[in-house]
Amino acid sequence: MVIQPTIIGNWKMYKTAAQAVEFIRALKTMIVNNSQVWLAVPFTAIHAAVKEAAGSDIVIGAQNMNSAKEGAFTGEIAGIMLKDAGAKFVLLGHSERRQHFHETNEQIAAKVKRALLDGITPVLCVGETESQRESGYEEVLKEQILEGFKHVEKEDADKVILAYEPVWAIGTGKTATPDIAEETQKYCRSVLAEHFGKRASNSMPILYGGSVKPETMSALMKEKDINGVLVGGASLDPKTFSQIVNFT
Ligand code: PGA
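This text gives an overview of the structure that appears in the document.

## What to know about the packing of aromatic side chains
Move 1: Within this structure, the stated rule accounts for 6 aromatic pairs.
Move 2: An angle of 75° between the planes, with centres 5.5 Å apart, marks the rings of Phe149 and Phe196 as edge-to-face. Of this pair, Phe149 sits in the loop between α7 (138-148) and β6 (161-164) while Phe196 sits in helix α8 (residues 178-196), and the two are 47 residues apart along the sequence. The pair formed by Phe149 and Phe196 is uniform in burial state, with each residue classed as buried.
Move 3: What links up through ring pairs into an aromatic cluster is the set Trp11, Phe23 and Phe241.
Move 4: Across the ring face of Trp11, the terminal group of Lys15 is positioned such that the distance to the ring centre comes to 5.3 Å.

Here it is as structure tokens:
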């Protein structure tokens with residue numbers, strides 16, 4: 001089964017609504033590939049970004065949400081609000097959320113469940129730290145994956161995207177080699193196969209993230225278990241990001 005590549009830009013806490021519009025206006029003229037191009041933008045830019053992306057193949061999403069439908073949670077945002085603004089997907093469990101905001105596997109699993117209920121595609125991010133890689137990454141990843149998918153029914157499995165992002169490669173300039181990324185993502189798929197069955201796991205997209213650049217893109221995408229990428233720093237400039245999107 002061939003999975004169409006998905007390329008997601010994660011803008012993190014960068015860009016106002018006006019800057020988002022400017023970026024998308026430029027990117028639209030530069031895309032020549034037929035990959036799925038998704039942008040995880042700040043909450044305040046979602047509405048304007050969706051408007052500017054209308055009629056193009058660019059899909060807009062968010063970077064986090066709360067696991068409750070709605071409620072007295074000052075400062076939080078609900079999936080139904082993201083959907084209302086036009087977001088089609090949401091990043092969940094990014095390592096910066098796990099590290100700086102102490103999100104647990106349990107909380108992330110609840111968010112994945114809520115996103116599915118709210119009709120938004122969850123992109124579940126998992127990844128090991130440098131010391132965990134040295135001491136054996138398998139157990140850490142297995143726990144993050146099985147916990148994250150805990151509330152996902154088999155028939156919904158392919159509605160969730162898994163993103164493998166080794167923490168030691170995020171924002172460090174140290175991209176995992178294609179061999180390391182492939183070996184690890186193959187392992188992630190085997191965990192999914194154990195849980196959902198081989199057939200379902202073969203149609204589930206697994207993305208790689210961590211210092212992806214135009215120069216590293218082609219080699220990564222040649223690997224069997226890499227079905228796309230999640231790009232942070234290199235997604236902030238339309239020209240650089242378009243070179244990643246237009247990989248050959
Ligand atoms: P990076 O970020 O590409 O800047 O390493 C990736 C991410 O955090 O999703």
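The discussion continues.
## Things to note about the site of the ligand
Move 1: Neighbouring the ligand are 13 residues; Lys12, His94, Glu165, Gly171 and Ser211 lie closest to it.
Move 2: A distance of 3.4 Å separates an oxygen atom of the ligand from a polar side-chain atom of Asn10.
Move 3: Here Gly171 contributes a backbone N or O atom positioned 2.6 Å from an oxygen atom of the ligand.
Move 4: Broken down by class, the residue content of the shell around the ligand amounts to 4 nonpolar, 7 polar and 2 charged.

## A short note on a negative patch on the surface
Move 1: On the surface, Glu138, Glu139, Glu143, Asp179 and Glu183 cluster together to form a negatively charged patch.
Move 2: For the negative patch, the element with the highest residue contribution is α7, accounting for 3 residues.
Move 3: For Glu138, the position within the fold is in helix α7.
Move 4: For Glu138, a relative accessible area of 32% translates into the label partly exposed.

## Some details on the side chain of Asp118
Move 1: Relative to the helices and strands, Asp118 is located in helix α5 (residues 105-118).
Move 2: If near-sequence neighbours (up to four positions away) are discounted, Asp118 is found in contact with Met65, Gly79, Ile80 and Lys83.

## Some thoughts on the pairing of strand β3 (residues 58-62)
Move 1: Taken across its 5 residues, β3 has 5 buried, putting it largely inside the fold.
Move 2: Side chains Ile58, Ile60 and Ala62 of β3 all project onto a buried face; the interleaved residues Val59 and Gly61 project onto the opposite face, where all are buried too.
Move 3: Sheet topology note: the strand β2 (residues 36-40)/β3 ladder contains 4 bridges and is parallel. Across the sheet, residue Val37 finds its bridge partner in β3, namely Ile58.

How each quantity is defined
By convention here, each chain's residues receive numbers from 1 onward along its written sequence. Note on the predicted model: pLDDT of at least 70 is required for a residue's local features to be given, and 80 or more for side-chain atom pairs to be given and counted; whole-chain, interface and lining totals, by contrast, use all residues. Excluded from the side-chain calculation are hydrogens and water; included are all heavy atoms of the structure. Ring geometry is summarised as follows: Phe, Tyr and Trp rings, the Trp one being its six-membered ring, pair when their centres sit within 6.5 Å, and such pairs are stacked at plane angles under 30 degrees, edge-to-face over 60 and tilted between the two. Each helix corresponds to a stretch of at least 4 residues labelled H or I by DSSP, and each strand to a stretch of at least 2 residues labelled E; elements are numbered beginning at the N terminus. When accessible area is computed with a 1.4 Å probe and restricted to protein chains, residues below 20% of their type maximum are described as buried, those above 50% as exposed, and intermediate ones as partly exposed. Note on criteria: charge over ring means Lys NZ or Arg CZ within 6 Å of the ring centre, with the direction from the centre no more than 35 degrees off the ring normal. Summary of the distance rule: residues count as near a molecule or strand when at least one heavy atom falls within 4 Å of that molecule or strand. Whenever two N or O atoms come within 3.5 Å, that pair is a polar contact, provided that in protein one can donate a hydrogen and the other can accept it, and provided that, for residues adjacent in sequence, both atoms are side-chain atoms. Under the convention adopted here, Pro, Cys and the residues Ala, Val, Leu, Ile, Met, Phe, Trp and Tyr are nonpolar, Asp, Glu, Lys and Arg are charged, and Gly plus all remaining residues are polar. Patches here are clusters of residues that have more than 30% relative accessible area and form no salt bridge, with a 9 Å joining cutoff for like charges and a 5 Å cutoff for nonpolar side chains (Val, Leu, Ile, Met, Phe, Trp, Tyr). The protein chains shown are the only cover counted for residues, whose accessible areas, like all others here, come from Shrake-Rupley with a 1.4 Å probe. Salt-bridge detection follows one rule: a side-chain nitrogen of Lys or Arg within 4 Å of a carboxyl oxygen of Asp or Glu. His is not counted, nor are the chain ends; Lys and Arg add positive charge and Asp and Glu add negative charge. Think of each charge as sitting on NZ of Lys, CZ of Arg, CG of Asp or CD of Glu. The contact rule is simple, with two residues in contact once any of their heavy atoms fall within 4.5 Å. Here, any two strands with at least 2 DSSP bridges between them count as paired.

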